[in-house]
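The residues making up each chain are set out below.
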Amino acid sequence: MSVLVNKDSKVIVQGFTGSEGSFHAQQMIEYGTNVVGGVTPGKGGQSHLDRPVFNTVREAVEKAGADTSIIFVPPAFAADAIMEATDAGIKVIICITEGIPTEDMVGVKAFMKGKAARLIGPNCPGVMTAGECKVGIMPAFIFQKGKVGIVSKSGTLTYEAVDQLTKAGLGQTTAIGIGGDPIIGTTTKEAVELLMNDPETEAIVMIGEIGGGMEAEAARWIKADGNRKPVVGFIAGQTAPKGRRMGHAGAIVGGADDTAAAKMAIMRECGIHVVESPAMIGDTMLKALGK
Amino acid sequence: MNIHEYQGKEILKRYGVRIQEGIVAESPEKAVEAAKLIMAQTNSKFVVVKSQIHAGGRGKGQIKGGTQRGVALAKSVDDVRDIAKNLIGNVLVTIQTGPEGKKVNKVLVAQDVYYPGESEVKEMYIGILLDRAKACNVIMASTEGGMDIEEVAEHTPEKIVKEWIDPAVGLQPFQARKIAFGLGMTGEAFKEMVKFVTNLYKAYVETDASMFEINPVLKTSDNKIMAVDAKVNIDDNALYRHADLANYRDVTEEDPLEVEASANDLNYVKLDGNVGCMVNGAGLAMATMDIIKLSGGEPANFLDVGGGANAKTVEAGFRIILKDPNVKAILINIFGGIVRCDRVATGVVEAYKAIGNIPVPIIVRLQGTNAAEGARIIDESGLKVQSAVALSEAAEKVRAVVAAL
């Protein structure tokens, strides 16, 4: 078991023939991900990386049985790509693209309401199930199949957590990069819930940052759910000034509730092992698991 | 992207939102000319002179070393000249600028809209922003014009009317009516308010705004509804489809180092601390700032060099960080995924040599792809650079360096 993606996932790449799409598709294939093809409108019928190129996602679903998509198309076209995948019946849509206008994502969220697809991202490193399937841009060699699930708004902080867990001998089940934009498909709470219900996942690392209320929502859910598994949490941006956007479009302190301090306080109240330094994630997880 | 009040009002006017009319001026002479024109048009001897800076609280703000307020009523042409002289070229300190203040380069000479008449003048508040949790826009209106909306929300939340907008169909007339009724409008003012809200929302969506704050929205004594101020932010990610709005960027309002960084495609935010940092990834960059603080220092900046850290970006980053005189040490923190640490290490060494003598201690933490190789390159370079691999090790080295400052 694992969540979202596994060795049976049939993955297509939207923006397959572009430079980013090509590079990361190659890396995913090398890891053993079952990439069944890609979509580049107008290049259907061609072959790329020994895989078929389709004109539409619908065609990729019908002819190659795709159920998972990873999106590398430029920001101006990414919202359209997400909606196309949704409409075609893709189950898990992972959007890597950074810089999508917020108003476009408002439309995407409304479009996806009531439909079966789950969106991860945008502006995220993707999803990876250690030892099985990589649908993202993360460095695979730092992963080690194990017992800890990860939910994170940040790419490189995910790698940091993964690396510490590997070195602590704990390894990972699935790492979910949910993205750093103000509007994202899968929330912190939804991703945590997936891992909480995954029998292979024994503990969870939850990494958030300033801005919005997703971490507080997740923390309250974890408590209400009975703290079934230990959760180690970190919030980046304890030193970020109010009203300034810190790289990620969503990382901005608006009021008193979305500061790192406020989020960390709620997480502590809800029984999460909060670390102030991201260097302590691995050690704290060892302690939380009683090792 | 932040824009000025006069630019925000230009946008509103284009969408049929009534505004307090005005003319922007960059010198006292131009301000006087503008005032004469407005006085003739409005048949009034009064105009308002408003400093144009990217910060709120201008009305209560004060010019450094003087008594001039940032927004002032002029009762004559001579008044206009005096006020404009006091403002233009001088530094205005408001509750939002911090003690260093912001230089005023332009003033908006605007019509006086608080004239007496048949009914009472009333100030209100209307804001539009994204509700992240509901993934849709929300219009917030309050009868408490001129006040900070956060304060109203805290003390008298019942005075705020909120309408969430369904993105599939947009703002509906019943919602605009609810807001107008909620603000206590009747008769002609009610009709005006419905039109005001409707056009305001259209402007918000069509310009890809990320925030509108109209405070105050004024009901004049002859029952017109107008925007007296306009705080407008545009979504940076959408500027590619609004070339006209992109021209509204005023780099004189930004920190010069931030302008230089953005020209080099670096994501940099200047802070007040003593330890500079250079990191790949926004989340790790924030976390690195936090580590600096936990190690006894204060972060001097946020700097995300992105996924393609190489000699060129590292050098640009170094140069920008070193221009900040407060920086007494630098921490470079790279988690190499696709980026190889040995390449970054070579980049650091090349950049160091290109710049010449770097007068502050540098700690380079390289982790991930080829980390050991990267550390070896740093250690063997002969430069005064300390290497680290684990994040905790980097934190300890920062602690030692900060303690020695």
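All figures in this text were calculated on a predicted structure; none of them were measured in a lab. All chains use their own residue numbering, which begins from 1 and follows the written sequence. A letter from A marks each chain and a number from 1 marks each ligand, given out in the order of writing. The predicted origin of the model limits local features to residues at a pLDDT of at least 70 and limits the giving and counting of side-chain atom pairs to 80 or more, whereas totals for whole chains, interfaces and linings rest on all residues. Only hydrogens and water are set aside; all other atoms, that is, all heavy atoms of the structure, feed into the side-chain values.

## As for the overall build of chain B
Convention followed: Every helix listed is a DSSP run of H or I at least four residues long, and every strand listed is a run of E at least two residues long, numbered separately from the N terminus. Here the term buried applies to any residue with accessible area under 20% of the maximum for its type, exposed to any over 50%, and partly exposed to those in between, with areas from a 1.4 Å probe on protein chains only. We call two residues in contact whenever any of their non-hydrogen atoms come within 4.5 Å of each other. Computed with a 1.4 Å probe, the accessible areas rest on the Shrake-Rupley method; for each residue, only the protein chains presented here act as cover. Note on charges: Lys and Arg go in the positive column, Asp and Glu in the negative column, and His and the chain ends are not counted at all. Where a charge lies is defined by one atom per residue type: Lys uses NZ, Arg uses CZ, Asp uses CG and Glu uses CD.
Helices and strands together make up the secondary structure of chain B, namely 13 helices and 19 strands. A principal-axis box enclosing the C-alpha atoms of chain B has dimensions of 80 × 50 × 40 Å. Looking at chain B as a whole, 54% of its 405 residues qualify as buried. In chain B, the proportion of contacts linking residues at least 24 apart, taken out of those at least 6 apart, comes to 67%. Approximately 17,400 Å² of chain B is accessible, and the part contributed by carbon and sulfur atoms is 52%. In chain B, the 47 positive side-chain charges and the 53 negative ones have mean positions that sit 2 Å from each other.

## Some points on the domain arrangement of chain B
For clarity, the threshold we go by: Note that the domain bounds were set by an automatic or database domain assignment.
One can read the domain layout of chain B as domain 1 (21-111), domain 2 (122-246) and domain 3 (256-404). For domain 2 of chain B versus domain 3 of chain B, the separation of C-alpha centres amounts to 43 Å.

## Here we look at the side chain of Ser387(B)
Residues and elements named next belong to chain B. The condition is simple: Two N or O atoms form a polar contact when they lie within 3.5 Å of each other; inside protein one atom must be a possible hydrogen donor and the other a possible acceptor, and for residues adjacent in sequence the pair counts only when both atoms belong to side chains.
With respect to the helices, strands and loops of the structure, Ser-387 is situated in strand S19 (residues 385-388). Reaching out from Ser-387, the side chain makes a polar contact with the side chain of Asp-379 at a distance of 2.9 Å. Discounting residues that sit within four places of it in the chain, Ser-387 has contacts with Val-364, Ala-375, Ile-378, Asp-379, Glu-393 and Lys-397.

## Details of the environment of Glu123(B)
Residues and elements named next belong to chain B. Within the secondary structure, Glu-123 is located in strand S8 (residues 122-131). A relative accessible area of 30% means that Glu-123 is categorised as partly exposed. For Glu-123 and Tyr-204, which are 81 residues apart along the polypeptide, the C-alpha to C-alpha distance reads 21 Å. Beyond its immediate stretch of four places on either side in the chain, Glu-123 contacts Tyr-114, Thr-143, Glu-144, Gly-145, Gly-146, Pro-216, Val-217 and Leu-218.

## Here's the deal with the interface of chain A and chain B
The condition that has to hold: As a working definition, buried area equals the accessible area (1.4 Å probe) given up by two parts on being put together, with both sides summed. When a carboxyl oxygen of Asp or Glu is within 4 Å of a side-chain nitrogen of Lys or Arg, the pair counts as a salt bridge.
Each partner contributes to the interface: chain A provides 55 residues, whereas chain B provides 43 residues. Both faces combined, the contact of chain A with chain B buries some 3,600 Å², and carbon together with sulfur accounts for 62% of it. Three residues, Glu103(A), Thr239(A) and Met246(A), lead the burial of chain A against chain B; their summed loss comes to 17% of the area buried on that side. The interface formed by chain A and chain B includes 4 salt bridges.

## Looking at the UniProt feature "binding site: ATP" (unreviewed entry) in chain B
Residues and elements named next belong to chain B. Going by this rule: UniProt positions are given in the numbering used here, feature names are shortened, and annotations may be inferred rather than shown by experiment.
Those residues carrying the UniProt feature "binding site: ATP" (unreviewed entry) are Lys-50, Gly-57, Arg-58, Gly-59, Val-113 and Glu-123 in this numbering. Structurally, Gly-57 is set in the loop between strand S2 (47-51) and strand S3 (62-63). Under the relative-accessibility criterion, Gly-57 is labelled partly exposed at 36%. Among residues more than four places away in sequence, those in contact with Gly-57 are Thr-94 and Ile-95. The residue Val-113 is located in the loop between strand S7 (107-111) and S8 in this model. A residue is classified by how much of its surface remains accessible, and Val-113, at 1% relative accessible area, is buried. Each residue touching Val-113, except ones within four places of it in the same chain, is listed here: Gln-20, Leu-218, Thr-220, Met-226 and Val-228.

## A word on the nonpolar core
To be explicit about the condition: Only buried residues count toward a nonpolar core. Its members are Ala, Val, Leu, Ile, Met, Phe, Trp, Tyr and Cys residues joined through side-chain atoms within 4.5 Å.
Ranked by internal contacts, the top residues of the largest apolar core, which has 96 residues, are Ile70(A), Ile94(A), Val205(A) and Met246(A). Ranked by residue count, the leading element in this core is helix H9 (residues 282-294) of chain B, at 7 residues.

## Notes on the packing of aromatic side chains
As a reminder of what qualifies: Each aromatic pair joins two rings of Phe, Tyr and Trp (for Trp, the six-membered one) with centres within 6.5 Å, and gets the label stacked for planes under 30 degrees apart, edge-to-face for over 60, and tilted for any other angle. Our definition puts a charge over a ring when NZ of Lys or CZ of Arg is within 6 Å of the ring centre and also within 35 degrees of the ring normal.
All told, the structure shown has 4 aromatic pairs over all chains when counted by the stated rule. Relative to Phe212(B), the ring of Tyr204(B) has its centre 5.2 Å away and its plane inclined at 90°; by these criteria the two rings are edge-to-face. Since its relative accessible area comes to 1%, Tyr204(B) is described here as buried. Judged by its relative accessible area of 1%, Phe212(B) is buried. Among the aromatic residues, those joined into a cluster by ring pairs are Tyr201(B), Tyr204(B) and Phe212(B). Here the basic side chain of Lys115(A) rests over the ring of Phe111(A), its NZ or CZ set 4.0 Å away from the ring centre. The aromatic ring of Trp164(B) is capped on one face by Lys134(B), whose charged end is 4.4 Å from the ring centroid.

## What to know about the UniProt feature "binding site: substrate" (unreviewed entry) in chain A
Residues annotated in UniProt with the feature "binding site: substrate" (unreviewed entry) correspond here to Tyr159(A). When you line up the elements, Tyr159(A) lands in helix H5 (residues 155-167). Since its relative accessible area comes to 7%, Tyr159(A) is described here as buried. Ignoring anything within four residues of it in the chain, the contact list for Tyr159(A) reads Pro125(A), Ile137(A), Met138(A), Pro139(A), Ile142(A) and Phe335(B).

## Regarding the pattern of salt bridges
A full pass over the atoms with the stated rule returns 39 salt bridges over all chains. Residue Arg118(A) is joined to Glu190(A) by a salt bridge in which the shortest nitrogen-to-oxygen separation is 3.8 Å. Residue Arg118(A) is found in strand S7 (residues 118-120), and its partner Glu190(A) is found in helix H6 (residues 188-196); the two are separated by 72 residues along the sequence. Across the salt bridge formed by Glu5(B) and Lys50(B), the nearest N and O atoms sit 2.7 Å from each other. Remark: Lys50(B) occurs in strand S2 and Glu5(B) occurs in helix H1 (residues 5-14); sequence separation between them is 45 residues. On the accessibility criterion, Glu5(B) (4% relative accessible area) is buried. A residue is classified by how much of its surface remains accessible, and Lys50(B), at 5% relative accessible area, is buried.

## Re the confidence of the model for chain B
Formally: Each residue carries a pLDDT score, the predictor's own confidence in it, on a scale running from 0 to 100.
On average, residues of chain B carry a pLDDT of 94, and 100% of them reach 70 or more. Here the prediction assigns the complex a pTM of 0.93, and the interface score ipTM is 0.94.

## Concerning the pairing of S8(B)
Residues and elements named next belong to chain B. Rule in force here: At least two DSSP bridges between two strands are needed for those strands to be called paired.
Burial runs high along S8: 7 of the 10 residues are buried. Taken together, the 7 bridges between S8 and strand S11 (residues 209-219) define a ladder with antiparallel strand orientation. Each residue of the ladder has a partner; that of Ile-126, found in S11, is Ile-214. Pairing analysis gives 7 bridges linking S8 to strand S9 (residues 136-142), with the strands arranged antiparallel. Bridging from a neighbouring strand, Gly-127 pairs with Met-140 of S9. What sits between S8 and S9 in their antiparallel hairpin is a turn of 4 residues, with Ala-135 showing a positive phi close to 55°.

## Considering the sheet that holds S7(A)
All names here are of chain A. Put simply, the test is: Comment: axis = line fitted to C-alpha atoms, over the contacting stretch for helices; angle = value between 0 and 180 degrees taken between N-to-C directions.
Strand order in the open sheet formed by 7 strands is S3-S4-S2-S1-S5-S6-S7, with mixed pairing between adjacent strands. Two strands in the sheet have a free side with no partner beyond their single neighbour: strand S3 (47-48) and S7. The sheet contact formed by S3 and strand S4 (residues 51-54) spans 2 bridges and is antiparallel. Within S4, the residue paired with Ser-47 across the bridge is Pro-52. Strands strand S1 (11-14), strand S2 (35-39), S3, S4 and strand S5 (68-71) of the sheet are contacted by helix H1 (residues 19-31), whose axis makes an angle of about 165° with S1. In this fold helix H3 (residues 75-88) packs onto S1, S5, strand S6 (92-95) and S7, with an angle of close to 170° to the strand it touches most, S6.

## Some words on the UniProt feature "binding site: Mg(2+)" (unreviewed entry) in chain B
Residue and element names in this part refer to chain B. The UniProt entry lists Asn-215 and Asp-229 under the feature "binding site: Mg(2+)" (unreviewed entry), expressed in the numbering used here. Look past the residues within four positions of Asn-215 in its chain and what remains in contact with it is Met-124, Tyr-125, Gly-145, Gly-146, Met-147 and Asp-229. Of the polar contacts made by the side chain of Asn-215, one reaches the backbone nitrogen of Gly-146; its length is 2.7 Å. Structurally, the position occupied by Asp-229 is in the loop between strand S12 (225-227) and strand S13 (231-234). Not counting the four nearest positions on each side in its chain, Asp-229 is found in contact with Glu-5, Lys-9, Arg-58, Glu-213, Ile-214, Asn-215 and Pro-216.

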